[in-house]
Structures are given as C-alpha cells and as structure tokens.
Amino acid sequence: MTGKLGSFAHISELYVSNYLKKPTIKGQSTLIHLLDHLEEDALKTLTKNCGQPTYRAAQLRQWVVASRAGGFDEMSNLPKKFREELTKQTQLWTSQVVKHTQAEDGTEKILLQLADGGQIECVLLRDGHRITICISTQVGCAMGCVFCASGLDGVDRNLTTGEIIEQMLLLQRLLPEDQRLSHIVVMGMGEPLANIDSLLPALDFACSPDGLGIGARRITISTVGLPTAIDKLSEINARYNLAVSLHAPNDELRNEIVPINKNIGIDQILTASDHYFEVSGRQLTFEYVLLYKVNDRPEHARQLAQLLKNRQAMLNVIPYNPVEGLPYKTPSNNAQHDFRRILEDAGITVKFRHRKGDKINAACGQLRRSNSGLVQLEEPEVPESSD
Ligand code: SF4
C-alpha cells in the first residue's frame, strides 16, 4: 500500500483476492499461451494437436470465456486426457496477480506480473449498469508525457494479443456470474497504436459473439496521436471510438508536455483524426489533461476552441490527478470553471471527467509499472451508442 493510499481507511487492499487466485506464472515458459489461440481455426488446430476431435475446441472456448474458468481442472466436461494434454502443451494464464486494490466507488485495479517479470495494471470501473475495463498495451510507454506515471521509465516491450486478452478475462472474473463487461477503454499503460498489431486481434475477440460480445461502439482506443497508425486504423478497422490526447492547444506547449509531438505536430494529428472521422463516421473525442499553470490559462482555452470549432468532436477535460514524485498540480476550481466557460461559449462540446478511482491511483495518469504506487487511466466520455 502506498503512503497515499494509507490515509484512506475505507479502501480495502486485497493481495490476490479469491476471484483471482488461479493464474500460475510459469516463468519464461515455452508453452503455448492459450489466449493467443482463441480464434476458431487456431483453437481447432490446438485441439487436434492434443489428440481430440475439433468440436472440443468450442467447449474449451466456452470454458475459458463464458464460464470464466480459472484452470483446466475446472473444465469438467472435457476428457481428463485432453485436460492433461492442455496442461502439458499450453498455459491458460501467463501473468500473476500481485496486487488487487478496491475503492469504495467500486473501482478495482489489479497489478499483474508478466512471465518475464514486467508489470502492468488494468482497472475495472463501475457506473450503474455500465461496467468498463481499462487495459494496458505495453510495459511502460515511450511517449514521455511529462505528467504521466506510465511513461516515467520508458517502454520495455509490447504486450502480446494473449496478454491483452488476459487482462480482459481476469477483470471479467471480478464480476458476479450474472454481470458482464459492457465497455472497454484502451488507455492503461502504453500507447495502444504503437502496438496496433497485437491490439486489433484482442479487440476482435472482445467484439466477437464467441468472445466478450462487446459492441465496437463501446470500445474506445485512446492515443497520444500517431498519424501513421491512425491512418492504418482508418484503413483496416475503423469501427472503434478514437480518443486523441491533445493536452495542449499549440505545438510549442505540446512539445513540452507530450515530447513525441516534436516529431509529429498537431496539424498532422488533426488531419489523420479527421480522416478517421470521415471513414468511421464516429464522432471524435479529444482529451485534455488540465495542469495547473501549465495549460489551464484562458488563452489556452481560446486556442483550443479555435482548433476544434469546425470539428464534430467532443472534448474531455481531465483536471490533473497528482502523481507522487511529479511536480504537477490540479488547477483551481475557478481556473477549471473559466476554462470550461470559454470553450462552451465558443460552441465546443465539453465534458469534465469525474475522477473515478483516484483514491487507488487508478485515475488518468496514475498507472505505473511498479507496485509502489502510481499510470494514466480513466473512463472517457464517448458518444453513447445503442449496440
Ligand atoms: S499519457 Fe499515455 S501516451 Fe502519455 S506517457 Fe502516459 S501512457 Fe504514454
């Protein structure tokens, strides 16, 4: 428990809850990660390799996904021989839950240790019937946003598709049997579009009726704005919501706050985003972390309004959640109010996001890869949809 957490007696911190007991780390195992092979053909091949008829593949999938099995031993209608073979050839889980934190508002965060020792976090947020998970895509992050705990130590590696799906399934296991996940935001540790090749198959799984059955309109990919990758997404799979983190209304300031911007520039990001909007028809979301005396001045709001005024977009403003060890602060209520008023007067659709999970360091900018505390993450407001 961090020093910050220690001051909140009503928050319980569970080290490996009953829900999450099952994953057993197998170190640098050469076993196949089953969650990397959940597509129909791959699972049938694996089933055949275990000496079983291919119809068993659907049963196996049912156990892993719908029945939320914690291990092969629970899969009671699979022949013992099949389960033994699965144990010999594959591993269901490659990570270990090293910490599970719960807040009073229902937010839960789990810290996972990966097979190679890397650590990531993922979060479950509850809001009435809406149950959203926020997942990570990389160990660390290379984008270097100055206010963000995730990027403090750079990036180690991309997560595999199986490791991304594993977060979804572990978080799903936190729910009672009669509840299911309704939304996904890809805004945990890492820049999702820097790992697009692993991410998209994981999101296909999330959308599939044989997978989590979550409509694409309920999935949001949050990016710092990598134009080439946004173009790729426009080309191959423009069905998800896109949230672009701007954090500054001009390149000079953005170069300071989001250093990767020096190689890109706001114009290119907006061009790629506009193209995504044309192809997908999805209203864009822009994110803006409001930092005290850095990007919270009236002139910043006016410049931002200028940038967004002719776009069909929603602006999410996130008053900064302080991160231990970083010098940034939350803007005053007056500064927040003035910032909002200027944007609204200019006709911009603005939402100030509430800070779910901040008491367990699960809010935007507060996830990081050590269990000492603090990455950036919060459920974004995106246009509601019916699917
Ligand atoms: S805010 Fe996002 S893109 Fe920026 S360093 Fe953190 S995780 Fe990376």
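Predicted model only: the values in this text are computed from it and were never measured.

Undergrad: It is not clear to me how the environment of Ala206 should be interpreted in this structure. Could you clarify?
TA: Positionally, Ala206 belongs in helix H6 (residues 196–207). Distance from Ala206 to Leu169, taken between C-alpha atoms, is 9.8 Å for residues 37 residues apart in sequence. Contacts of Ala206, omitting those with residues within four sequence positions, involve Met168, Ile184, Gly211, Leu212, Ile214 and Ile219.

Undergrad: For this particular structure, what's the right way to read the packing of helix H2 (residues 40–49) against helix H3 (residues 55–64)?
TA: Two quantities define a packed helix pair, namely the angle between the helix axes and the distance between the axes. One way to put it is that H2 packs onto H3 with a least axis distance of 8 Å and a crossing angle of 110°. Classified by the angle between their axes, H2 and H3 sit roughly perpendicular to one another. Here the hand of the crossing between H2 and H3 comes out right-handed. Contact residues: H2 offers Leu43, Lys44 and Thr47, while H3 offers Arg56, Ala57, Leu60 and Arg61. Tallied by class, the residues present in the contact of H2 with H3 amount to three nonpolar, one polar and three charged.

Undergrad: Looking at this structure, how should I read unusual backbone geometry?
TA: Despite not being glycine, Arg68 shows a phi value in the positive range, around 55°. Here Arg68 is to be found in the loop between H3 and helix H4 (80–89). The class of Arg68 is partly exposed, set by 16 C-beta atoms lying within 10 Å. Phi at Lys293 is positive, roughly 60°, even though this residue is not glycine. Here Lys293 is to be found in the loop between strand S13 (284–290) and helix H10 (298–308).

Undergrad: Help me understand the nonpolar core, please; the structure alone is not making it clear to me.
TA: The nonpolar side chains of a soluble globular protein tend to be buried, and buried together. Residues Ile133, Ala206, Tyr288 and Leu315 are the most contacted members of the largest nonpolar core, which totals 103 residues. Of the residues that make up this core, three or more belong to each of domain 1 (26–91) and domain 2 (96–360). The contacts of Ile133, once residues within four sequence positions are left out, are Cys122, Val123, Leu124, Met168, Leu171, Leu181 and Ile184.

Undergrad: Explain helix H9 (residues 266–280) to me, please; I cannot follow it from the model alone.
TA: Every α-helical turn comprises 3.6 residues, leaving residues that sit three or four positions apart pointing alike. End to end, H9 covers 21 Å across 15 residues, agreeing with the expected 21 Å (1.5 Å per residue, within 8%). Within the sequence span of H9, burial applies to Ile266, Ile269, Leu270, Ala272, Ser273 and Tyr276. End-on view of H9: buried residues confined to an arc of 165°, all on one side of the axis. Away from its buried face, by an angle of more than 90 degrees, H9 presents the exposed residues Asp267 and Glu278. Looking at the buried side of H9, the elements it contacts are helix H7 (227–236), strand S12 (241–245), helix H8 (251–257) and S13. A positive phi of about 75° marks Gly281, the residue just after H9.

Undergrad: So what exactly am I meant to see when it comes to the environment of Thr271 here?
TA: When you line up the elements, Thr271 lands in helix H9. Sequence-wise, Thr271 and Asp231 are 40 residues apart; in three dimensions their C-alpha atoms are separated by 9.6 Å.

Undergrad: Mind showing me how you'd approach H2 here?
TA: Taken together, the buried positions of H2 are Leu43, Leu46 and Thr47. Seen end-on, H2 carries its buried residues on one side only, within an arc spanning 100°. Exposed residues pointing more than 90 degrees away from the buried face of H2 are listed as Asp41 and Asn49. Close packing links the buried residues of H2 with strand S2 (32–33), H3 and strand S3 (90–91).

Undergrad: Would you mind showing me how to read the pairing of strand S5 (residues 108–113) here?
TA: Sheet faces and side chains relate simply in a regular strand, where the side chains alternate between the two faces. Across the six residues that make up S5, a large majority, five, are buried. Pairing analysis gives six bridges linking strand S4 (residues 96–102) to S5, with the strands arranged antiparallel. The residue bridging Thr101 from the neighbouring strand is Lys109, located in S5. Here S4 hands over to S5 after five residues, with Gly106 in that stretch at a positive phi of 95°.

Undergrad: Teacher, can you tell me more about the environment of Gln102 here?
TA: When you line up the elements, Gln102 lands in strand S4. On the basis of neighbour counts, which here come to 18 C-beta atoms within 10 Å, the residue Gln102 falls in the partly exposed class. Sequence separation between Gln102 and Val123 is 21 residues, and the spatial gap between their C-alpha atoms is 9.8 Å.

Undergrad: Is there a simple way to explain the confidence of the model for the chain in this structure?
TA: Any segment with low pLDDT has predicted coordinates that should not be analysed in fine detail. When pLDDT is averaged across the chain, the result is 86; 84% of the residues are at 70 or more. When mean pLDDT is compared element by element in the chain, helix H5 (residues 161–172) scores highest at 98, while helix H1 (residues 3–6) scores lowest at 26. Note that pLDDT drops below 50 for residues 1–26; the model gives that stretch 49 contacts with residues more than four away or on any other chain. Predicted confidence for residues 369–379 stays below pLDDT 50, and this span has 59 contacts to residues more than four positions away or in other chains.

Undergrad: Help me understand the packing of H5 against H6, please; the structure alone is not making it clear to me.
TA: It is the contact of H5 with H6, at a shortest axis distance of 8 Å, that shows an interaxial angle of 40°. On the basis of the axis angle, H5 is oblique to H6. Of the two possible hands of crossing, H5 and H6 adopt the one that is right-handed. Taking contact as the criterion, the partners of Thr161, Ile164, Ile165 and Met168 in H5 are, on H6, Ser198, Leu199, Pro201, Ala202, Phe205 and Ala206.

The rules we used
Residues numbered from 1 in each chain as written. Predicted model: local features only at pLDDT ≥ 70, side-chain atom pairs only at ≥ 80, totals over all residues. Helix = DSSP H or I, 4+ residues; strand = E, 2+ residues; numbered from the N terminus. Contact = placed C-beta atoms within 7 Å. Axes fitted to C-alpha atoms, helices over the stretch in contact; angles between N-to-C directions. Parallel < 35°, antiparallel > 145°, perpendicular 65-115°, else oblique. Left-handed = near helix turned anticlockwise from the far one by under 90°. Nonpolar A, V, L, I, M, F, W, Y, C, P; charged D, E, K, R; others polar. Buried ≥ 20, exposed ≤ 12 C-beta atoms within 10 Å, placed from the backbone. Core = buried A, V, L, I, M, F, W, Y, C linked by C-beta atoms within 7 Å. Domains from an automatic or database assignment. Expected span 1.5 Å × (residues − 1). Arc of directions from axis to C-beta. Pairing = 2+ DSSP bridges. pLDDT = per-residue confidence, 0-100.

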